[in-house]
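What follows is each chain in one-letter form.
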Amino acid sequence: MQYALVNGVRREAFRGGRGACPVCGAAAIPKCGPRILHHWAHAGRRDCDPWWENETNWHRTWKNLFPPECREVSHVAPDGEIHRADIKTPTGIVIEVQHSAMTDAERQSREAFYGNLVWVIDGRSFRDNFDIYHLLPDPSSAIAQDIVWEKASRPMQGAANGLFFRLSEGREDYPELDISKATLRFGVIHGIHEIRTEVEQAYRGHHQYDWVRPRRTWLDAACPVYIDFGEEYLVRLEIYDESNLPCIRYVTKRKFLHDVMLETNAKTIATRFYPIDRRSPAARASLEGA
Ligand SMILES: [Zn+2]
């Protein structure tokens, strides 16, 4: 951990220091070697916070993007259960930065415990299994209302370039069926090149993607999930529209860090939009290839 209590004051580890774990009160000793991330460790093996994972440079880098008082904040439930959140903002949003895989049960427990929670997961180890495909128009835009996209995946490279049906055509061709975005899976197939200008104009960072051998628990998460691939953009997992199409949305780290300090609900982070000036390299490649 980054902080222990030294004479009742939160301090970072320092050579010769003697601290106490803010969660369990046990003695904490400083680890300040030249080749390690300076941190505090429990003096003995203990049952402290079972959710705590060993801190990596990646964890520490994330925590250090926030003011010290937002890092490693103890959170106590009404029944006395106590855990240490990686980051808690002044507006009450908890950010858990997660490097290792996690079980469904633990994910659910943490979501229930913190409630107003957002996940940031370390995606660097599975970047090669994560394809990001063509642009999608903002789901609330006019152009999106009539369109049902064909799900793209690694074996379906045609769809990866952007194929869609039109709801209006489905309804015209099959008036006897009660066709909606949720049911339209047939009809005339169109290509994204037909509507490229409209899609570009309504682009707010959404893309199709395929996660090969996904860590399923993150697809089922009740709280928002952002993947950090070590790039300028975070990748937020979303469901696009009533067709249930999985999609991602690029959110700049800068935008995320700004919003999480101001928004009061984890779910409203990055929902207020300004035009994205600089498209990501993946977005540009996707546009050019379409
Ligand atoms: Zn402890």
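Scroll up to find the structure.
Rules and cut-offs
- Residues numbered from 1 in each chain as written.
- Predicted model: local features only at pLDDT ≥ 70, side-chain atom pairs only at ≥ 80, totals over all residues.
- Heavy atoms only, no water.
- 1 Å grid on protein atoms, 1.4 Å probe; cavity = no way out; pocket = protein on both sides within 12 Å on 5 of 7 lines; lining within 4 Å.
- Points joined across faces, edges and corners; volume = space filled by probe spheres on them.
- Helix = DSSP H or I, 4+ residues; strand = E, 2+ residues; numbered from the N terminus.
- Nonpolar A, V, L, I, M, F, W, Y, C, P; charged D, E, K, R; others polar.
- Pairing = 2+ DSSP bridges.
- Axes fitted to C-alpha atoms, helices over the stretch in contact; angles between N-to-C directions.
- Contact = heavy atoms within 4.5 Å.
- Patch = residues over 30% accessible without salt bridge, like charges linked within 9 Å, V, L, I, M, F, W, Y side chains within 5 Å.
- Areas by Shrake-Rupley, 256 points an atom, 1.4 Å probe, with all protein chains shown as cover.
- Salt bridge = Lys/Arg side-chain N within 4 Å of Asp/Glu carboxyl O.
- Phe/Tyr/Trp six-rings, centres within 6.5 Å; stacked < 30°, edge-to-face > 60°.
- Buried < 20%, exposed > 50% of the residue type's maximum accessible area, 1.4 Å probe, protein only.
- Lys NZ or Arg CZ within 6 Å of the ring centre and 35° of its normal.
- Lys, Arg positive; Asp, Glu negative; His and termini not counted.
- Polar contact = N/O pair within 3.5 Å; in protein donor to acceptor, adjacent residues only side chain to side chain.
- Donors = N, O, S within 2.8 Å, 3.2 Å for Na, K, Ca; no water.
- Tetrahedral: all angles 85-135°; square planar, octahedral: opposite > 155°, others 65-115°.
- Arc of directions from axis to C-beta.

This structure, assessed with the given rule, holds two cavities of 30 Å³ or more. Put simply, the largest cavity is a space of about 80 Å³. Along the walls of the largest cavity sit Trp 51, Trp 52, Glu 53, Glu 55, His 59, Lys 63, Arg 84, Asp 86, Glu 96, Val 97, Gln 98 and Arg 110, which together make up its complete lining. Contributions of two or more residues to the lining of the largest cavity are made by α1 (57-63), β7 (82-88) and β8 (94-98). Residue classes in the lining of the largest cavity are distributed as three nonpolar, two polar and seven charged.

For the rest of this paragraph, the subject is the sheet that holds strand β16 (residues 233-239). Sheet architecture is open: nine strands sit in the order β6-β7-β8-β9-β15-β16-β17-β14-β10, paired in mixed fashion. Edge positions in the sheet fall to β6 (71-76) and β10 (130-137), since each of these pairs with one other strand and no more. Ignoring strand direction, the axes of neighbouring strands in this sheet form an average angle of 40°. Looking at chain direction, β10 and strand β14 (residues 203-211) are connected through six bridges and run antiparallel. Its bridge partner being in β14, Pro 137 is matched across the sheet by Tyr 203. On the sheet, helix α2 (residues 104-114) packs against β6, β7, β8 and β9 (117-122) and is oriented at approximately 145° with respect to β9. The strands touched by helix α7 (residues 253-262) are β8, β9, β15 (225-228), β16 and β17 (246-252); relative to β17, the strand with the most contacts, the crossing angle is about 80°.

Reading across the sheet, the three strands line up as β11-β12-β13 and stay open at both edges, with antiparallel pairing between neighbours. One side of each edge strand has no neighbouring strand; the edge strands of this open sheet are β11 (147-149) and β13 (190-191). Two strands pair when backbone bridges link them, and β11 and strand β12 (residues 163-166) are joined in this way by three bridges, in the antiparallel orientation. Across the sheet, the residue bridging to Ile 147 is Arg 166, located in β12.

Further remarks concern a nonpolar patch on the surface. The grouping of Tyr 174, Leu 177 and Phe 186 at the surface amounts to a nonpolar patch, some 240 Å² of accessible area in total. With respect to the helices and strands, the residue Phe 186 is situated in the loop between α4 (167-173) and β13.

Once that is clear, we can look at the packing of aromatic side chains. Per the stated rule, a full pass over the model turns up 16 aromatic pairs. Considering the side-chain rings of Tyr 174 and Phe 186, the 5.1 Å spacing of their centres and the 85° angle between planes classify their relative orientation as edge-to-face. Remark: Phe 186 occurs in the loop between α4 and β13 and Tyr 174 occurs in the loop between α4 and β13; sequence separation between them is twelve residues. Judged by relative accessible area, which is 30%, Tyr 174 ranks as partly exposed. An aromatic cluster is built from Phe 126, Phe 130, Tyr 209, Trp 211 and Phe 229, whose rings are joined through pairwise contacts. Positioned over the ring face of Trp 52 is Arg 84, at 4.1 Å from the centre of the ring.

Structurally, Asp 138 can be placed in the loop between β10 and β11. For the buried Asp 138, no salt bridge is present, and the opposite-charge side chain at shortest range is Arg 204, 4.7 Å distant. Engagement of the side chain of Asp 138 in a polar contact is seen with the side chain of Ser 140, the distance being 2.5 Å. The contact partners of Asp 138, leaving out residues within four places of it in the chain, are Ala 144, Ala 202, Arg 204, His 206 and Tyr 240.

Surrounding the zinc ion are the protein donor atoms Cys 21 (SG), Cys 24 (SG), His 42 (NE2) and Cys 48 (SG), at 2.1 to 2.3 Å. Here the zinc ion binds four donor atoms, and the angle range of 103 to 115° at the metal identifies the geometry as tetrahedral. Sequence positions of the residues that donate to the zinc ion give the spacing C-x2-C-x17-H-x5-C.

Here α7 has its buried residues at Lys 255, Phe 256, Asp 259 and Val 260. Buried residues of α7 fall within an arc of 120° about the axis and therefore sit on the same side. α7 presents Arg 254 and Leu 262 as exposed residues on the side facing more than 90 degrees away from its buried surface. Check the buried side of α7 and you find it contacts α1, β8, β9, β15, β16 and β17.

Quick look at the pairing of β15 now. Residues Val 225 and Ile 227 line one face of β15 and the alternating positions Tyr 226 and Asp 228 line the opposite face, and both faces are buried. In terms of strand pairing, β9 meets β15 through four bridges, oriented parallel. By the bridge assignment, Ile 121 is partnered in β15 with Ile 227. Connecting β15 to the next strand, β16, in antiparallel fashion are four residues, including Gly 230 with a positive phi near 80°.

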